[in-house]
Amino acid sequence: MGERVVAEKMVFGGNCIAKVNGKTLFIPDAIPGEALEVEITASFRDYDIAKIIQIVEPSEQRVQPFCPLYGICGGCTMQHVSATHQRELRMRILQDCFAREGITVPDIRLIAGDERGYRARIQLTDGGFNRRGSNTVVPLTTCPVATPQVNAYLASVPQSERPRGRCHVFGDARVQNATPFDHLIVAEEKKRTQPVMSEKLRKRIKHRVPPRFAGTTPGTQSVCSVLLAGKTVHFDTHGFFQSNLAVLEQTVGVLMQGLNGSHALDMYAGAGIFSVFLSDCFEHVTLVEHNRDALVQAERNLAGKSHESYGVSGEKWVRENATQLLTRQGDFDAVVIDPPRSGMEKAVRDWLCAHKVAHIRSLSCDPATHARDAAALIHAGYAMTALYLLDFYPQTSHIESLAFFESHAT
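We now turn to the structure provided with this report.

Reading the values: the criteria
Residues numbered from 1 in each chain as written. Predicted model: local features only at pLDDT ≥ 70, side-chain atom pairs only at ≥ 80, totals over all residues. Heavy atoms only, no water. Helix = DSSP H or I, 4+ residues; strand = E, 2+ residues; numbered from the N terminus. Buried < 20%, exposed > 50% of the residue type's maximum accessible area, 1.4 Å probe, protein only. Contact = heavy atoms within 4.5 Å. Areas by Shrake-Rupley, 256 points an atom, 1.4 Å probe, with all protein chains shown as cover. Lys, Arg positive; Asp, Glu negative; His and termini not counted. Charge placed at Lys NZ, Arg CZ, Asp CG, Glu CD. Core = buried A, V, L, I, M, F, W, Y, C linked by side-chain atoms within 4.5 Å. Pairing = 2+ DSSP bridges. Axes fitted to C-alpha atoms, helices over the stretch in contact; angles between N-to-C directions. Salt bridge = Lys/Arg side-chain N within 4 Å of Asp/Glu carboxyl O. Right-handed = clockwise from strand over helix to strand, strands pointing away. Phe/Tyr/Trp six-rings, centres within 6.5 Å; stacked < 30°, edge-to-face > 60°.

1. Describing the overall build of the protein
Then, in step 1: A count of helical and extended segments in the protein gives 10 helices and 20 strands.
Then, in step 2: In the protein, which comprises 410 residues, the proportion classed as buried is 53%.
Then, in step 3: When contacts within the protein are restricted to residue pairs at least 6 apart in sequence, long-range pairs at least 24 apart make up 60% of them.
Then, in step 4: Of the accessible surface of the protein, which amounts to about 18500 Å², a share of 50% is contributed by carbon and sulfur atoms.
Then, in step 5: Seen as two clouds, the 44 positive and the 44 negative side-chain charges of the protein have centres 5 Å apart.

The following block contains the structure:
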């Protein structure tokens, strides 16, 4: 006999919580308000994890998943929730994360696109997806959340003929590469070799990351070119790039609103995608990115634009380069910062708090660390004037966000 519970709010990660004898219970695949019979599958000191045995009173927002592999593959986690309610839940989770840091957020705005057929990037293992919670490979010939270009590949290339091991498939109507597949690139993962840089390129990147950095390997076979908001940009498919290009285009447009001036900083710049657009509105752009492979593509994307690149961590840039750069170039008029899931490095956060840049556009793929960093900026005197939910991954619990911070310090 299982436990009878009522699912409470959904938390980051997509689980709902409930209480059993005062102890917190995390329940996957539930919807807030549902009465459930559950069975505890794992017990820890502060919480338990349970699975649903029976939905006693289902939510009105519960729907039939549209993918036959839902719950089997390790991708989507919210297809059982109506699309409209999914977004409401993700907004509540984002709001709760900021509330825990004592921040009352302005009305959260939404940047969103299609709920299906949006995902340009998938990762295959031996030609299939990984089963949820294991390394077992699930065969597939279609993925309803993937773009038509990705699905054309899955339908036309049998699993036995797809690359062994891990590979990245990136397909969208915006892809400009000339490949055997229309608007699609298939990049197998290979052993790391040292990237080939021209002497000119070595000089343009001010500081190189030591060889011990285990990043991606750039090469002509894995470099993808896409037309994004009217500009051709290049990136390595082995590295990170957003999978939802329609939402990315909207995000760029919103992020750039009201930004212009002499000098902008793109912190954690990746392949320089935001810098491409910043360079149209600022006389000079500085990029900081520790992944030298990404900077190879950034240099290509920023060719002909007034810029300089630092292939170091944010912490090292603050310690060794920031003061000299500001003496030479003057203060930044704006900062765009898009850190990894762990959030801003403390040294970077402290530097921003001390320097009172007029405009900060802060992106994040983790609402908890975004809220933590936001709290530090607000405490230092910045005002948060806008917060956006960037709905890059419908049908999942993944949350990305964009916050505007303004400083009127002189």
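2. Description of the nonpolar core
Then, in step 1: If you look at the biggest cluster of nonpolar residues, it comprises 64 residues, and the most contacted ones within it are Leu124, Phe170, Val226 and Phe241.
Then, in step 2: Ranked by residue count, the leading element in this core is helix H4 (residues 245–255), at 6 residues.
Then, in step 3: One finds Ala7, Leu89, Val105 and Trp317 within the second-largest nonpolar core, a separate group that totals 54 residues.

3. Looking at the sheet that holds strand E1 (residues 3–6)
Then, in step 1: Sheet architecture is open: 5 strands sit in the order E1-E4-E5-E3-E2, paired in mixed fashion. Two strands lie at the open edges of the sheet, namely E1 and strand E2 (16–20), each paired on one side alone. Neighbour to neighbour, the strand axes of the sheet diverge by 45° on average, direction disregarded.
Then, in step 2: Inspection of the sheet shows strand E3 (residues 23–27) paired to strand E5 (residues 47–57) by 3 bridges, in the parallel sense. The partner of Phe26 across the bridge, within E5, is Ile49.

4. Regarding the pattern of salt bridges
Should the charged atoms of two oppositely charged side chains come close, the side chains can pair.
Then, in step 1: One pass over the structure, following the stated rule, counts 21 salt bridges.
Then, in step 2: Here Lys23 and Asp48 are joined by a salt bridge, their closest N and O atoms 3.1 Å apart. With Lys23 in strand E3 and Asp48 in strand E5, this residue pair connects regions lying 25 residues apart in the sequence.
Then, in step 3: A residue is classified by how much of its surface remains accessible, and Lys23, at 24% relative accessible area, is partly exposed.
Then, in step 4: Residues Arg349 and Asp373 are paired through a salt bridge, measuring 2.9 Å at the closest nitrogen-oxygen approach. Here Asp373 lies in helix H10 (residues 367–379) and Arg349 lies in helix H9 (residues 346–355), a separation of 24 residues in the sequence. Considered together, Arg349 and Asp373 belong to a single accessibility category, that of buried residues.
Then, in step 5: In this structure, a network of salt bridges that share partners links the residues Arg87, Arg90, Glu115 and Asp391.

5. With respect to the sheet that holds strand E17 (residues 334–337)
Strands belonging to one sheet form pairs held by backbone hydrogen bonds; the direction of such a pair is parallel or antiparallel.
Then, in step 1: Spatially, 8 strands are ordered E6-E19-E20-E18-E17-E14-E15-E16 in an open sheet, and the strand pairing comes out mixed. Strands at the two margins of the open sheet, each flanked by one partner only, are strand E6 (109–111) and strand E16 (307–310). The mean angle between the axes of side-by-side strands here comes to 15°, regardless of whether they run parallel or antiparallel.
Then, in step 2: Sheet analysis places strand E19 (residues 383–390) next to strand E20 (residues 400–406), joined by 7 bridges and oriented antiparallel.

6. Considering the pairing of strand E15 (residues 282–288)
Then, in step 1: Across the 7 residues that make up E15, a large majority, 6, are buried.
Then, in step 2: Bridge count between strand E14 (residues 261–267) and E15: 6 bridges; the pairing is parallel. Looking at E15, one finds that Asp266 is bridged to Leu287.
Then, in step 3: Between the parallel pair E14 and E15, the chain is carried across by helix H5 (residues 273–278), and the sense of this crossover is right-handed.
Then, in step 4: Here E15 pairs with E16 via 4 bridges, running parallel. Residue pairing across strands places Leu287 opposite Ser309, the latter belonging to E16.

7. A look at the packing of aromatic side chains
Then, in step 1: One pass over the structure, following the stated rule, counts 11 aromatic pairs.
Then, in step 2: Look at Phe170 and Phe235: their rings are 5.1 Å apart centre to centre, the planes differ by 65°, and that puts the pair in the edge-to-face class. Highlighted residues: Phe170 in strand E10 (residues 166–171) and Phe235 in strand E13 (residues 231–236), separated in sequence by 65 residues.
Then, in step 3: Residue Phe170 is classed as buried on the basis of its relative accessible area, which comes to 1%.
Then, in step 4: Taking the relative accessible area as the measure of exposure, Phe235 reaches 1% and is therefore buried.
Then, in step 5: Relative to Phe241, the ring of Phe235 has its centre 3.8 Å away and its plane inclined at 5°; by these criteria the two rings are stacked.
Then, in step 6: One aromatic cluster in this structure is built from Phe26, Phe44 and Tyr47.

8. Here we look at the environment of Val145
Then, in step 1: Residue position: Val145 is located in the loop between strand E9 (137–138) and helix H2 (148–156).
Then, in step 2: C-alpha of Val145 to C-alpha of His168: the two residues are 23 residues apart in sequence and 16 Å apart in space.
Then, in step 3: Dropping the residues within four chain positions of it, Val145 is found in contact with Phe66, Cys76, Glu115, Arg116, Gly117, Tyr118, Arg119 and Gln395.

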